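# A closer look at the structure
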Amino acid sequence: MIQQVTVIGAGQMGSGIAQVAAQAGLQVKLNDLKEEFTAKGLAVIEKNLTRQVTKGRLTEAERDEILGRIVPRTDLTEAASKADLVIEAAVENMEIKTDLFRRLDEICPVHTILATNTSSLPITEIAAATKRPEQVIGMHFMNPVPVMELVEVIRGLATKDEVYQRVEDLAKAMGKTPVEVNDFPGFVSNRILLPMINEAITAVYEGVAEPEAIDKVMKLGMNHPMGPLTLADFIGLDTCLYIMETLHEGFGDSKYRPCPLLRKYVKAGWLGRKSGRGFYVYES
């Protein structure tokens, strides 16, 4: 029975995961390197829940109850030593993740399931850093976590059926729709989405059309809620480039080669919404 959940990383994804876990009645420890990071994450959660109170979807008492189930922690041992499940939502870097999973393997009880929210890195490789690869799994939430319904539940090479089942059940308890996926670069979501974004960037690069026109075609013609270049700016062009590089390296297929214009924008610091400029300019 999963009751104690530790979320590692209090950024946009981690704070969202902590929120939906606490809303599902779970006890949550939210871990990050510094107090200012956990405080910022908690402030975002409180803001989200207060918005729900304003809309009449939650009472103030319910909001306070949910917030009361989330405890901030900067010490990893304190955060994870009693966890039934750890969900890692740290930076998208294989070295950092494998080091973290190695440490978690030593800190956590033997029954603890170790999950990663990676959007493209191999679960099997992360699992190999532990002595419990059968208890390592991918839980890829979508952004923004409290709003988006999907969770890709990704089996590593060694993931046991029983572990998969418990994580799938938990995702449902969090109000999400889990989809079973096997461990391939980019899983399903990013293997399909990112090449489409990369192709839209290539169309700009080749002068086929302006970004506004490309986005309009995909919104009005394909009924996408957001055009691919607006979406790229929202995701972050550095993240888009990183995932394309992961796909290119993982498959060794030239169809996943990142567009030179994407590389150029990232080198220029035009990362999209977060930097104030990408394919569009954003007012701060």
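In this convention, every chain numbers its residues from 1, walking through the sequence in written order. Two thresholds apply to this predicted model, a pLDDT of at least 70 for residue-level local features and 80 or more for giving and counting side-chain atom pairs, whereas whole-chain, interface and lining totals are computed over all residues. Only hydrogens and water are set aside; all other atoms, that is, all heavy atoms of the structure, feed into the side-chain values.

- In the annotation of an unreviewed UniProt entry, the entry for the protein reads 3-hydroxybutyryl-CoA dehydrogenase, and the organism field reads Marininema mesophilum.
- UniProt positions are given in the numbering used here, feature names are shortened, and annotations may be inferred rather than shown by experiment. Under the UniProt heading Pathway (unreviewed entry), the entry covering the protein gives this text: "Lipid metabolism; butanoate metabolism."
- We quote the UniProt Sequence similarities (unreviewed entry) comment for the protein here in full: "Belongs to the 3-hydroxyacyl-CoA dehydrogenase family."

### Focus: the domain arrangement of the protein
- When cut into domains, the protein gives domain 1 (4–182) and domain 2 (190–274).
- Whether two residues are in contact is decided by their heavy atoms: any pair within 4.5 Å suffices. Taken together, the contacts link eight residues of domain 1 with five residues of domain 2.
- Defined in terms of a 1.4 Å probe, buried area is the accessible area two parts forfeit on being brought together, summed over both. For the domain 1 and domain 2 pair, buried surface summed over both sides reaches about 500 Å², with 55% attributable to carbon and sulfur atoms.
- A per-residue breakdown of the area domain 1 buries against domain 2 is headed by Glu92, Ser119 and Ser120, which together make up 57% of the total.
- A pair is scored as a salt bridge if a Lys or Arg side-chain nitrogen falls within 4 Å of a carboxyl oxygen belonging to Asp or Glu. At the boundary of domain 1 and domain 2, one finds zero salt bridges.
- Polar contacts, as used here, are pairs of N or O atoms within 3.5 Å; protein pairs need one atom able to donate a hydrogen and one able to accept it. Residues neighboring in sequence count only if both atoms are side-chain atoms. Seen at the junction of domain 1 and domain 2, the total is two residue pairs in polar contact (both at pLDDT 80 or more).
- Residue type decides the class: Asp, Glu, Lys and Arg count as charged, Ala, Val, Leu, Ile, Met, Phe, Trp, Tyr, Cys and Pro as nonpolar, and the leftover types, Gly among them, as polar. Partitioning the side of domain 1 that touches domain 2 into residue classes produces two nonpolar, five polar and one charged. As used throughout, domain bounds are those supplied by an automatic or database domain assignment.

### Focus: the pairing of strand S7 (residues 150–155)
- Each residue gets one of three labels from its accessible area relative to the maximum for its type: buried under 20%, exposed over 50%, partly exposed in between, using a 1.4 Å probe on protein chains only. By definition, any uninterrupted DSSP run of H or I lasting at least four residues is a helix, any uninterrupted run of E lasting at least two residues is a strand, and each is numbered from the N terminus. Here S7 lies mainly inside the structure; five of its six residues are buried.
- Between any two strands, at least two bridges found by DSSP are needed for them to pair. Where strand S6 (residues 136–141) lies against S7, five bridges are found, and the strand directions are antiparallel. Its bridge partner being in S7, methionine 139 is matched across the sheet by valine 153.
- Summarising the sheet, S7 and strand S8 (residues 177–182) pair through six bridges and their orientation is parallel. From the neighbouring strand, valine 153 faces S8, where its bridge partner is glutamate 180.

### As for helix H9 (residues 211–222)
- In a helix, the anticipated span is given by 1.5 Å times the number of residues less one. End to end, H9 covers 16 Å across 12 residues, agreeing with the expected 16 Å (1.5 Å per residue, within 8%).
- Restricting attention to buried positions, one finds in H9 the residues Pro211, Ile214, Asp215 and Met218. Seen end-on, H9 carries its buried residues on one side only, within an arc spanning 95°. The exposed residues of H9 that point more than 90 degrees off its buried face are Lys216, Leu220 and Gly221.
- Where H9 is buried, its residues contact helix H8 (189–205) and helix H10 (228–235).
- In the segment just after H9, asparagine 223 is the residue with positive phi, at about 60°. Starting at the helix axis, one direction is taken to each C-beta atom, and the arc is that of these directions.

### Describing the pattern of salt bridges
- This structure, assessed with the given rule, holds 12 salt bridges.
- A salt bridge links aspartate 238 to lysine 274; its shortest N-O distance comes to 2.9 Å. Of this pair, aspartate 238 sits in helix H11 (residues 237–251) while lysine 274 sits in the segment after helix H12 (260–267); the two residues are 36 residues apart in sequence, bridging distant segments of the chain.
- A relative accessible area of 27% means that aspartate 238 is categorised as partly exposed.
- Overall, the relative accessible area of 55% leaves lysine 274 in the exposed class.

### A look at the side chain of arginine 63
- Position of arginine 63 among the secondary structure elements: in helix H3 (residues 60–68).
- We classify arginine 63 as buried; its relative accessible area is 14%.
- Polar side-chain contacts of arginine 63 include one of 3.3 Å to the side chain of threonine 50.
- Not counting residues within four places of it along the chain, the set of residues in contact with arginine 63 comprises Leu49, Thr50 and Val53.

### Overview of the UniProt feature "domain: 3-hydroxyacyl-CoA dehydrogenase C-terminal" (unreviewed entry) in the protein
- Sequence positions flagged by UniProt for "domain: 3-hydroxyacyl-CoA dehydrogenase C-terminal" (unreviewed entry) are, in local numbering, residues 186–282.
- Within residues 186–282, the helical portion is 62% and the strand portion 0%, while the C-alpha atoms at the span's ends are 28 Å from each other.

### Side note on the UniProt feature "binding site: NAD(+)" (unreviewed entry) in the protein
- Look at the UniProt record and you will see "binding site: NAD(+)" (unreviewed entry) annotated at Gly9, Ala10, Gly11, Gln12, Met13, Gly14, Asp32, Glu92, Lys97, Ser119, Asn143 and Lys274. What stands out for the annotated residues spanning 266 residues is how far apart their C-alpha atoms range, the widest pair being 23.6 Å apart.
- Structurally, aspartate 32 is set in the loop between strand S2 (27–31) and helix H2 (35–54).
- When near neighbours in sequence (up to four residues on either side) are disregarded, aspartate 32 contacts Gly9, Ala10, Gly11, Phe37, Thr38, Arg73 and Thr74.
- Within the local environment of aspartate 32, its side chain forms a polar contact with the backbone nitrogen of alanine 10, the two atoms lying 2.8 Å apart.
- Of note, glutamate 92 is situated in the loop between strand S4 (85–88) and helix H5 (94–107).

### Structural notes on the packing of H8 against H9
- A fitted line through C-alpha atoms serves as each axis, taken over the contacting stretch for helices, and the angle formed by two N-to-C directions is quoted from 0 to 180°. The N-to-C vectors of H8 and H9 enclose an angle of 140°; their axes lie 9 Å apart at closest approach. In this view, H8 runs oblique relative to H9, as classed from their interaxial angle. Of the two elements, H8 crosses H9, and the hand of that crossing is right-handed. Contacts from Met196, Ala200, Ala203 and Val204 of H8 reach H9 at Pro211, Ile214 and Met218.
- The class makeup of the residues in the contact of H8 with H9 is seven nonpolar, no polar and no charged. Orientation labels follow simple angle bins: below 35 degrees gives roughly parallel, above 145 gives roughly antiparallel, 65 to 115 gives roughly perpendicular, and whatever is left gives oblique. Should the near helix be turned counterclockwise from the far one by less than a right angle, the crossing is left-handed, whereas a clockwise turn marks it as right-handed.

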